[in-house]
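# Coordinate inspection notes
Listed below are the residues making up each chain.
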Amino acid sequence: MDNKVYIFDTTLRDGEQVPGCQLNTIEKIEVARQLEKLGVDIIEAGFPISSPGDFNSVVEISKAVSNPTICALTRAVKKDIEVAADALKYAKRGRIHTGIGTSPYHIYQKLNSNPDEIIERGVAAVKYARQFVDDVEFYAEDAGRSDNEYLARVIEAVIAAGATVVNIPDTTGYCLPSEYGEKIAYLVNNVPNIDKAIISTHCHNDLGMATANTLSGIINGARQVEVTLNGLGERAGNTALEEVVMAIKAHKDLDFTTAIDAKQIIKTSKLVSTLMRMPVQANKAIVGRNAFAHSSGIHQDGVLKNRETYEIIDPADVGVKESSIVLTARSGRAALKHRLEVLGYTLDQEKLDQVYKNFLILADSKKDIADEDLEVLVGHEKKEERVLKLDNLQVICGKSCIPSATVTLNFNGKIMTKNAIGDGPVDAAFKAIRKMIPTEAVLEEYLVQAVTRGSDDIGKVHVQLALDGKTVHGFGANVDILTASVWAYLDALSKIM
Ligand code: KIV
Ligand code: ZN
C-alpha cells in the first residue's frame, strides 16, 4: 500500500463553523493561499448551499489557488450538489464531498429513516455528484458510533456508485484509538471494492483523542486525514494538522510521508489564529507559545548542551527560529548568560554575577523575565557609562495646579538645568529635557508597568523614540515612576544621539 498520506484541510469549513471564527471571502483567500504554500493536498473551502458568502468563497478560492484540490461540502440532497458543482466551476480539480448519517441516532432520529433507505440516498447522492465531477468523497456521518457491519455495506455501495474517497468521521469524538483503528481495519478487510477508494479519517476531539485516532486510522489503512490548523472545529475541535504531520515526521518508523512543507506550519497557524480571532493555548503541541520553551534550570542547562535532550522536534523544522529559554527564578547563570548574549551583551564574570543577583530579586517577584527586563537590569549596570545622566528632578503636580518639572542633567560632565510645564508631570519633564537636548525624535510609545502589585513597587518604564526611520528603546526602573520615566527617556535619547 502506498505510504503517502493526503492532507485534507478543513479549517475553512469545519474550522470555520466555530462561533466567532467566521471569515470573509478576502480572509478565506488569504488562508487558502497560505494552505497552498503549506502544501496541503485538498482544501475544503466551504458548504456552498449554506449561504451566498460560503458559495462565493468556494468560487473565489477555486480561482485563487491551483495546486490543491478544492472541495465543497453537501448533504445527500440534489440541490446541495448542484450548487456545490456550480461553486466549483473554476477549480482546476474540484471535489464534491457528500454524505449522510449512518449511526442509529442519525438513521432513526435525525433523519427519521431506515438503514436501507440511507444506503439508497447515499448511493443516489454519489451518482448524482459524479455527473458533475470525477472526484466524489462520501462521508458516513457519525461513523464512529455506527455498526461496523452496516458501515461496510454503506461503504461498499457508495464505492460501487463512484465514490473515490470514503470518509469515516468520528463526528462526536467518541472512539478510543484502538476502536477507531479496528473500524478502519474492518472496512479494509470486509469491503470487497475498498481498493477502488481512499479511506479518510475525520476525527473530532471531544475526548482529546482526535490525533491519536487519526494516527490509528492511518496505521490501519486510511490514507487521507481531515484536519484543521490549531485543531479548530466544532465543539472541542478537529484533529490538528500540525500534530499529525509532525507525529509522522518524528516517527520515521511509521514510514508515512506527506507533502507538507513543515517550515510553513507556524506562519499558517498564526495567520489562522489572527484572522479567526482564536488565540492558541500556550501549551498547545507544536504551535503553542510554550511548545519549545524551557523554563527550569535543569532543562535549560540540558537544552543548551544538546537541544535533543529535551526536544523531539527541531523548532526550525516548523518555522520557529529557536527554542526559547524562559528566564524565571529557577533559571541558572548559564541561561541568563545565553539570553544576554543573544541580546548582544557579553558581560565579564563580575558583571554577570551582579546582574544575576539583581535578576534573582526581580524574578522572585515576577513570573518570567522578558528581554526588556534584562535590558533594564543590564542598563542599571551601564548607567554610569551614559553621556546623559540625570542629576536632579523636581516635579510639581496635583489636582489644581499646572504640572511643572525642573530637570538637572549631566551631559558629558556639563551640568545644566531647565524648567517646563506640561500636560502632566511626565510631559513637563520630557519638555524640560528637550529644552536642553533639542531633538526631532518622536515619542512613539510610553509604557509604565508595575513589577508586582503593591503601591511600593518598582515601576518599569519603556519608551520608544523614532528619528529618520530609526527606532530606539529606552528603559528605566525605579520606585518613583517619574524618575524611571526620565531615565527611560534619557536612555533612549543617548542611543539616538
Ligand atoms: O464531523 C463530521 O461528521 C463532518 C462531516 C460533515 C464530514 O464534519
Ligand atoms: Zn466534522
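Since we're looking at a predicted model, the values are computed, not measured.

A few words on the overall build of the chain. Looking only at helices and strands, one finds 16 helices and 16 strands in the chain. The C-alpha radius of gyration of the chain comes to 30 Å, more than 25% above the 23 Å expected for a compact globule of 497 residues. Structurally, the chain occupies a C-alpha span of about 95 × 50 × 40 Å along its principal axes. Counting contacts in the chain only where the partners sit at least 6 residues apart, residues at least 24 apart contribute 64% of the total. For the chain, the exposed surface amounts to about 22800 Å²; the carbon and sulfur share of it is 50%. Here the chain holds 56 positive side-chain charges and 67 negative ones, and the gap between their average locations is 5 Å.

Time to look at the site of ligand 1. What surrounds ligand 1 is the set Arg13, Asp14, His97, Tyr139, Glu141, Asn167, Pro169, Thr171, His202 and His204. Take Arg13: an N or O atom from its side chain is 2.9 Å from an oxygen atom of ligand 1. For ligand 1, an oxygen atom lies 3.1 Å from a polar atom in the side chain of Asp14. Considered on its own, ligand 1 offers 260 Å² of accessible surface; in the complex 91% of this is hidden by protein. For the shell around ligand 1, the per-class residue count stands at two nonpolar, five polar and three charged.

We now examine helix H1 (residues 25-38). The end-to-end C-alpha distance of H1 is 20 Å, a good match for the 20 Å that 14 residues give at a rise of 1.5 Å each. Judged by how many residues are buried, H1 sits mostly within the fold: ten of 14 residues are covered. Where H1 is concerned, the buried positions are Thr25, Glu27, Lys28, Ile29, Val31, Ala32, Gln34, Leu35, Glu36 and Leu38. Buried positions along H1 lie against strand S1 (6-9), strand S2 (42-46), helix H2 (52-64), helix H9 (241-250) and helix H10 (265-275). Measuring from the side-chain oxygen of the N-cap residue of H1 to the backbone nitrogen of Ile26 gives 3.1 Å; that N-cap residue is Asn24.

Positioned with a positive phi, Asp142 is a non-glycine residue whose angle comes to about 60°. The topology assignment puts Asp142 in the loop between strand S5 (135-141) and helix H6 (148-160). Classification of Asp142 as buried rests on a relative accessible area of 0%. Positioned with a positive phi, Arg277 is a non-glycine residue whose angle comes to about 55°. A relative accessible area of 53% places Arg277 in the exposed class.

Throughout the structure, instances matching the rule amount to one cavity of 30 Å³ or more. Lining the largest cavity, in full, are Lys337, Leu340, Glu341, Tyr345, Thr346, Leu347 and Leu352. A per-element tally of the lining of the largest cavity places helix H12 (residues 333-342) first, with three residues. Grouping the constituent residues of the lining of the largest cavity by class yields four nonpolar, one polar and two charged.

To continue, consider the nonpolar core. In terms of nonpolar packing, the biggest core is built from 91 residues, with Ile43, Ile70, Phe138, Ile155, Val166, Ile168 and Ile265 touching the most fellow members. Considering every element that reaches this core, the biggest residue donor is H6, with eight residues. Once residues within four sequence positions are removed from consideration, Ile155 is found in contact with Phe138, Val166, Ile168, Leu187, Val191 and Ile194. Within the second largest apolar cluster, 29 residues are counted, among which are Met416, Ala420, Ala428 and Tyr489.

Let us look at the UniProt feature "binding site: Mn(2+)" (unreviewed entry) in the chain. In the numbering used here, UniProt assigns the "binding site: Mn(2+)" (unreviewed entry) feature to Asp14, His202, His204 and Asn238. Over a stretch of 225 residues, the named residues converge on one spot in the fold, their C-alpha atoms separated by at most 10.3 Å. Following the sequence through the fold, Asn238 ends up in the loop between strand S8 (224-227) and H9. Non-local contacts of Asn238, meaning those with residues more than four positions away in its chain, are made with Thr10, Asp14, His202, Cys203, His204, Ala210, Thr228, Gly231, Leu232 and Gly233.

This model, assessed by the stated rule, comprises four aromatic pairs. Centroid distance Tyr356 to Phe359: 5.8 Å. Interplanar angle 25°. Geometry classified as stacked. Of this pair, Tyr356 and Phe359 both sit in helix H13 (residues 349-365), separated by three residues, roughly a single helical turn. In this structure Tyr356 comes out as buried when scored by relative accessible area, which is 11%. Ring centres 6.1 Å apart and planes at 80° place the aromatic pair Phe430 and Tyr446 in the edge-to-face group. In this pair, Phe430 sits in helix H15 (residues 425-436) while Tyr446 sits in strand S14 (residues 442-450), placing the two residues 16 residues apart along the sequence. Residue class for Phe430 comes out buried when judged on its relative accessible area of 4%. Three or more aromatic residues joined by ring pairs form one cluster here, namely Phe430, Tyr446 and Tyr489. In this structure, Lys63 is placed above the aromatic ring of Tyr90, and the distance from its NZ or CZ to the ring centre is 4.8 Å. Cation over ring: Lys78 sits above Tyr128, and NZ or CZ is 5.0 Å from the ring centre.

Once that is clear, we can look at the pattern of salt bridges. Enumeration according to the criterion identifies 24 salt bridges in this entry. Between Arg13 and Glu44 there is a salt bridge, with its nearest N and O atoms 3.0 Å apart. In this pair, Arg13 sits in the loop between S1 and H1 while Glu44 sits in strand S2, placing the two residues 31 residues apart along the sequence. Given a relative accessible area of 0%, Glu44 falls into the buried group. A salt bridge links Asp116 to Arg153; the shortest N-O distance between them is 2.8 Å. On the criterion of sequence distance, the pair formed by Asp116 in helix H5 (residues 115-130) and Arg153 in helix H6 is long-range, its members being 37 residues apart.

Scoring rules and cut-offs
Residues numbered from 1 in each chain as written. Chains lettered and ligands numbered in written order. Predicted model: local features only at pLDDT ≥ 70, side-chain atom pairs only at ≥ 80, totals over all residues. Heavy atoms only, no water. Helix = DSSP H or I, 4+ residues; strand = E, 2+ residues; numbered from the N terminus. Rg over C-alpha atoms; globule rule 2.2 N^0.38 Å. Contact = heavy atoms within 4.5 Å. Areas by Shrake-Rupley, 256 points an atom, 1.4 Å probe, with all protein chains shown as cover. Lys, Arg positive; Asp, Glu negative; His and termini not counted. Charge placed at Lys NZ, Arg CZ, Asp CG, Glu CD. Near = heavy atom within 4 Å. Polar contact = N/O pair within 3.5 Å; in protein donor to acceptor, adjacent residues only side chain to side chain. Nonpolar A, V, L, I, M, F, W, Y, C, P; charged D, E, K, R; others polar. Expected span 1.5 Å × (residues − 1). Buried < 20%, exposed > 50% of the residue type's maximum accessible area, 1.4 Å probe, protein only. 1 Å grid on protein atoms, 1.4 Å probe; cavity = no way out; pocket = protein on both sides within 12 Å on 5 of 7 lines; lining within 4 Å. Points joined across faces, edges and corners; volume = space filled by probe spheres on them. Core = buried A, V, L, I, M, F, W, Y, C linked by side-chain atoms within 4.5 Å. UniProt positions renumbered as here; feature names shortened; annotations may be inferred. Phe/Tyr/Trp six-rings, centres within 6.5 Å; stacked < 30°, edge-to-face > 60°. Lys NZ or Arg CZ within 6 Å of the ring centre and 35° of its normal. Salt bridge = Lys/Arg side-chain N within 4 Å of Asp/Glu carboxyl O.

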